[in-house]
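Inside the fold
Take a look at the letters that make up each chain.
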Amino acid sequence: MTVRVRYAPSPTGSPHVGNIRTALYNHLFAKRHGGVNIVRIEDTDRARTVEGCEAEILESLRYVGVEWQEGVGSDGPEPSEGPFGPYRQSERNAAGIYGPHWRRLIEQGDAYWAFDTSEELEAMRKEREAQKLSTGYFGGEWRDAPTAKVEAAQAAGKPGVVRLKVPRGLKIVVEDAVRGRIEHDSDLVDDPVLIKADGMPTYHFAAMVDDHLMEVTHIFRGEEWISSAPKHVVLFGALGWTPPVMVHLPVIKGKDGSKLSKRHGDTACLDFRRAGFLGRALANFIALIGWSPGGDREVMSMDEMAEAFDLKGVQPSSGVFDADKLQWMSGVHVRNSGPQRLADEVRDYAGRQETERYWSARVPSSDEVDPHVRLDGLRRLASADPRSAEAAVALLQERVTNLADFGPACRFLFVETVDFDPKAVEKWFHEPHVPDLFRRLSDKVTGMTAHGHTDYEVALKACQTEMGIEKLGPVVHPVRVALTGSTVGPGLFELMAVLGPERIVKRLQSAIGDR
C-alpha cells in the first residue's frame, strides 16, 4: 500500500502553528514511507473565504520546508497538479463530482432532505437544552418524512439541505491511531448537513468523498474533530467505502494552559518569518509539540525528523508552545548553519517588505531593540559585499538567535562613530597605559600586509610585550571598547579581521581623542 496523506486547509484565515504542524506531520509521514502528500483547498464556505489566504497557506508551507507531490501549487504557478484534480473543492463541486454520491445516499435512505427554517432550528435547539439533551439536529419532521411531503416542499421552492441519516441504537466505533478504539453512542450523534441550501457540500461530506476518491490512506487532523469522526465513519460505511486511518493530533496550548491564541504572541506561521526565525528551526520546534522522536533528540533536520517519524511517537496529551524554547532552538539552528547560507538568508530577510512592516509596527520598550536600530543594522549587513557580509555573520552567529538579531548585533561594525558605554569608558579609558597602547596598535595595524585574525593577535600581543604588560586583559579590554563601544562582544581578533585596518585605525584614533 502506498501511503497517501493530505493537508486540506480552508482559506478563511492565516494558517497558525497548529495548522502547520498538521501539514508538517503529513510531510514527515509521507517522506518516511515514500508516499504522496497532497495539498487540497477546502473552500466550500464561500462567505468566509479570505482573498489572498490560499497564497499565504502555500507560502507558509514552503517557509517551513513542507513538500507535496499533488495538489494546489504543487508544480509552479499552475493551480492544480495531479491525477485526482481539481484540488479545490469549489472546482470539484462545479465539476459535478459530489452530486452522484449524495444522490446515492438519498436513494439508499442514508440521507434525506430537510426544510427546517432558522426559527424552527432555534426552537429545536432550545427545547433540547431545556431537556438537558445534546444539541444538534436529530431528525425533526423531515428525517422520516414521506416522499410526497419532500416533493411538495421542493415544488413550493422551500430552501432545503441534505442531511446524513445517522442510524440509532448503535455503537459507532472509531479507530484512532493515537488514542486507540473510541466508541460513540449513535443516539448522541446528530444528523450533519452534507449539502447546504446553496448547493455547496460541507466539510463532513466533501472531505470524506475527496479522501476516498484521492485514495487517502491516513487523515491527520486536530483532536477537535474526534466528535465528528463517528459521522464520517457512518458516511464511509453508507457509501461502502473503507475509511482511512484517523490520526487525531493533540491541541497546542500556551504556557498558561489555555489554547494557543494571539494573546500568547505570534501564532500565524508567517509572523515567525517576519520576526526572523529560520523556517527549519520553526519546523523542528513545531514537530516536537505533540510528537517524540525517542531518546533525548531535539535539534533535528527535516530529513532526520522524517526518518524518525512514527505514529507511535504522537502523544494524546496536549503540547505546550514554549516561546523560550523556540528562541533556544532557533539559536542552535543559526549556529549550525554555514555563514554563506546565513548571509544569503539575512540578505533575503532584510529585503522583504514584510520585515519592514513587522518591525516598524513594534513599539520600542525597555527589553526590545528599537525597530529602527534593528532594521538599520540589517540593511547595512545586507548591502555589504558578500565577503564582508559572510565574515560578519560568521563573527556574530554564536551570539544571535534569529535573523532579526543580526541587525542590532552587527550595527557597530558599520557605523562611522561608535557609541561608547559610559561605564566601559570609565573603567578602561582612564588607565594610564591606554593612549600609548592605542598609538602602538594603530601603527602596527597601519603597516600590516595580511589581515587574518592571527595577524591581529600577533600585533596586539607584540604591543603587550613592548609595553611590559604582564596580563592580556588590560590590553584586550580597552581595545574592545575602542572598537565596539562595549566590554562584551565576539572574539576580539576575529572582530578586528572583520573591521579591517582602516576602520580599526580610525576607531583607535577616535578613542584617543575621546580619552
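Here's what I pulled together on the structure shown here. Nothing here was measured: the structure is a model prediction, and the numbers come from that model. (Residues numbered from 1 in each chain as written. Predicted model: local features only at pLDDT ≥ 70, side-chain atom pairs only at ≥ 80, totals over all residues. Heavy atoms only, no water.)

Section: the overall build of the chain
For clarity, the cut-off: Secondary structure elements are taken from DSSP: a helix is a run of H or I of four residues or more, a strand is a run of E of two residues or more, and numbering for both begins at the N terminus. Radius of gyration here is computed from C-alpha atoms only, and the compact-globule reference equals 2.2 Å multiplied by the residue count raised to the power 0.38. Type-normalised accessible area, obtained with a 1.4 Å probe on protein chains alone, sets the label of each residue: buried when under 20%, exposed when over 50%, and partly exposed for intermediate values. Only heavy atoms enter the contact rule, under which two residues are in contact if any of them lie within 4.5 Å. Accessible surface is estimated by sampling points in the Shrake-Rupley manner with a 1.4 Å probe; for residues, cover comes only from the protein chains shown.
In terms of regular secondary structure, the chain is built from 22 helices and 12 strands. Against the globule reference of 24 Å for 515 residues, the chain gives a C-alpha radius of gyration of 31 Å, more extended than a compact globule. The C-alpha extent of the chain, read off along each of the three principal axes, is 110 × 45 × 40 Å. A buried classification covers 50% of the 515 residues belonging to the chain. Relative to all contacts within the chain whose residues are 6 or more apart in sequence, the contacts with residues 24 or more apart total 73%. Carbon and sulfur atoms form 50% of the exposed surface of the chain, whose accessible area is close to 23700 Å².

A short note on the packing of helix α19 (residues 434-446) against helix α21 (residues 473-484)
Applied cut-off: Where helices are involved, their axes are fitted lines through C-alpha atoms of the stretch in contact, as for all axes, and angles between N-to-C directions lie from 0 to 180°. In this scheme, roughly parallel covers angles under 35 degrees and roughly antiparallel covers those over 145, while 65 to 115 is roughly perpendicular and the rest are oblique. When residues are grouped by polarity, Ala, Val, Leu, Ile, Met, Phe, Trp, Tyr, Cys and Pro land in nonpolar, Asp, Glu, Lys and Arg in charged, and all others, Gly among them, in polar.
In contact at an axis separation of 10 Å, α19 and α21 are set at 75° when each is read in the N-to-C sense. Regarding the angle of α19 to α21, the classification is roughly perpendicular. Where α19 approaches α21, its residues V434, L437, F438 and L441 are matched on the opposing element by P474, V475, P478, V479 and A482. Across the contact of α19 with α21, the residue classes tally to 9 nonpolar, no polar and no charged.

Structural notes on the nonpolar core
Short version of the rule: Only buried Ala, Val, Leu, Ile, Met, Phe, Trp, Tyr and Cys residues count toward a nonpolar core, and they belong to the same one when joined by side-chain atoms within 4.5 Å.
With 118 residues, the main nonpolar core has F406 and L413 as its most contacted residues. Among the elements that line this core, the one with the most residues is helix α22 (residues 492-514), at 10 residues. Each residue touching F406, except ones within four places of it in the same chain, is listed here: V334, L342, V346, L378, L381, V393, L396, Q397 and V400. Counting 23 residues, the second-largest nonpolar core is a separate cluster that includes I195, A206, V234 and L235.

Considering the side chain of R163
Note the cut-off: Think of it this way: Lys and Arg go in the positive column, Asp and Glu in the negative one, and His and the chain ends go nowhere. Criterion for a salt bridge: a side-chain nitrogen of Lys or Arg within 4 Å of a carboxyl oxygen of Asp or Glu. Polar contacts, as used here, are pairs of N or O atoms within 3.5 Å; protein pairs need one atom able to donate a hydrogen and one able to accept it. Residues neighboring in sequence count only if both atoms are side-chain atoms.
Looking at the element boundaries, R163 is found in strand β5 (residues 161-164). In this structure R163 is buried but unpaired, with D116 as the nearest side chain of opposite charge at 5.0 Å. A distance of 2.7 Å separates a polar atom in the side chain of R163 from the backbone oxygen of D191. If we ignore the near neighbours within four places in the chain, the residues touching R163 are D110, A111, Y112, A114, L121, Y137, D191, P192, V193 and L194.

With respect to the sheet that holds strand β4 (residues 111-114)
Short version of the rule: Strands pair, by our definition, only if DSSP identifies at least two bridges between them.
Strand order across the open sheet formed by 3 strands is β4-β5-β8, with antiparallel pairing between neighbours. Edge positions in the open sheet fall to β4 and β8 (193-195), since each of these has one partner strand only. Mean inter-strand twist for the sheet, computed between neighbouring axes without regard to direction, equals 45°.

Comments concerning the pattern of salt bridges
The tally for this structure, following the rule as stated, stands at 40 salt bridges. A salt bridge links D45 to R48, with the shortest nitrogen-to-oxygen separation between them at 3.6 Å. Counted as one network, the salt bridges with shared partners bring together R6, R40, E42, R92, D210 and D211.

Let's talk about the layout of surface pockets
Definition in use: Here a cavity means grid points, on a 1 Å grid over the protein atoms only, where a 1.4 Å probe fits yet cannot get out; a pocket means an open set of points with protein on both sides within 12 Å along at least five of seven lines; lining residues are those with an atom within 4 Å of a point. Grid points are joined across faces, edges and corners, and a volume is the space filled by probe spheres set on the points.
Roughly 960 Å³ of internal volume is contained in the largest pocket. In this structure, the largest pocket is lined by 38 residues; those nearest its centre are S10, H16, N19, E224 and W225. When contributions to the lining of the largest pocket are tallied by element, the ones reaching two or more residues are β1 (4-7), α1 (17-32) and β9 (218-222). Looking at the lining of the largest pocket element by element, the count peaks at 5 residues for α1. In the lining of the largest pocket, the residues fall into 14 nonpolar, 14 polar and 10 charged.

Here we look at the packing of aromatic side chains
Rules: Stacked, tilted and edge-to-face are the three classes assigned to paired rings of Phe, Tyr and Trp, where Trp is represented by its six-membered ring and a pair needs centres within 6.5 Å; plane angles under 30 degrees give stacked, over 60 edge-to-face, the rest tilted.
For the coordinates displayed, the defined rule picks out 16 aromatic pairs. A ring pair is formed by W102 and W113, whose centres lie 5.8 Å apart and whose planes are at 90°; its orientation type is edge-to-face. Of this pair, W102 sits in helix α4 (residues 99-108) while W113 sits in strand β4, and the two are 11 residues apart along the sequence. The exposure class of W102 is buried, given its relative accessible area of 14%.

Section: the environment of M448
Within the secondary structure, M448 is located in the loop between α19 and α20 (453-467). The spatial distance from the C-alpha of M448 to the C-alpha of A459 is 8.8 Å, given a sequence separation of 11 residues. Leaving out residues up to four positions away in the same chain, M448 has contacts with D455, Y456 and A459.

Overview of unusual backbone geometry
In the segment running from G85 into P86, the intervening peptide bond is cis, with an omega of 0°. Among the structural elements, P86 can be located in the loop between β3 (70-71) and α3 (89-94). Here K132, not a glycine, exhibits a phi torsion of approximately 60°, which is positive. Of note, K132 is situated in the loop between α5 (118-130) and α6 (147-155). Judged by relative accessible area, which is 77%, K132 ranks as exposed.

With respect to the packing of helix α15 (residues 371-383) against helix α17 (residues 406-414)
Cut-off, in case you're wondering: The handedness criterion is simple: a crossing whose near helix is rotated anticlockwise from the far helix by less than a right angle is left-handed, and one whose near helix is rotated clockwise is right-handed.
The interhelical angle for the contact between α15 and α17, taken along N-to-C directions, is 65°, at an axis separation of 7 Å. By crossing handedness, the relation of α15 to α17 is classed as left-handed. For the pair formed by α15 and α17, the contact residues are V373, R374, D376, G377, L378, R380 and L381 on the first element and F406, G407, P408, C410, R411 and F414 on the second.

Description of the environment of V178
Here V178 shows up in the loop between β6 (171-176) and β7 (180-185). With 72 residues separating them in the primary sequence, V178 and P250 have C-alpha atoms 9.2 Å apart. Once you skip the residues sitting within four places of it in the chain, V178 turns out to touch V247, H248, V314, Q315 and P316.

Points about the state of the cysteines
Spelled out, the test is: The definition used for a disulfide is geometric: two cysteine sulfur atoms within 2.5 Å.
This structure, assessed with the given rule, holds 0 disulfides. As a non-bridged cysteine, C269 has C53 as the owner of its nearest cysteine sulfur, 12 Å distant.

Details of the pairing of β9
So the rule is basically this: Handedness rule for crossovers: strands pointing away from the viewer, path from the first strand over the helix to the second running clockwise, crossover right-handed.
The buried fraction of β9 amounts to 5 of the 5 residues, a majority that puts the element mostly inside the structure. Crossover handedness for the path β9 to helix α8 (residues 229-238) to strand β10 (residues 245-249): right-handed.

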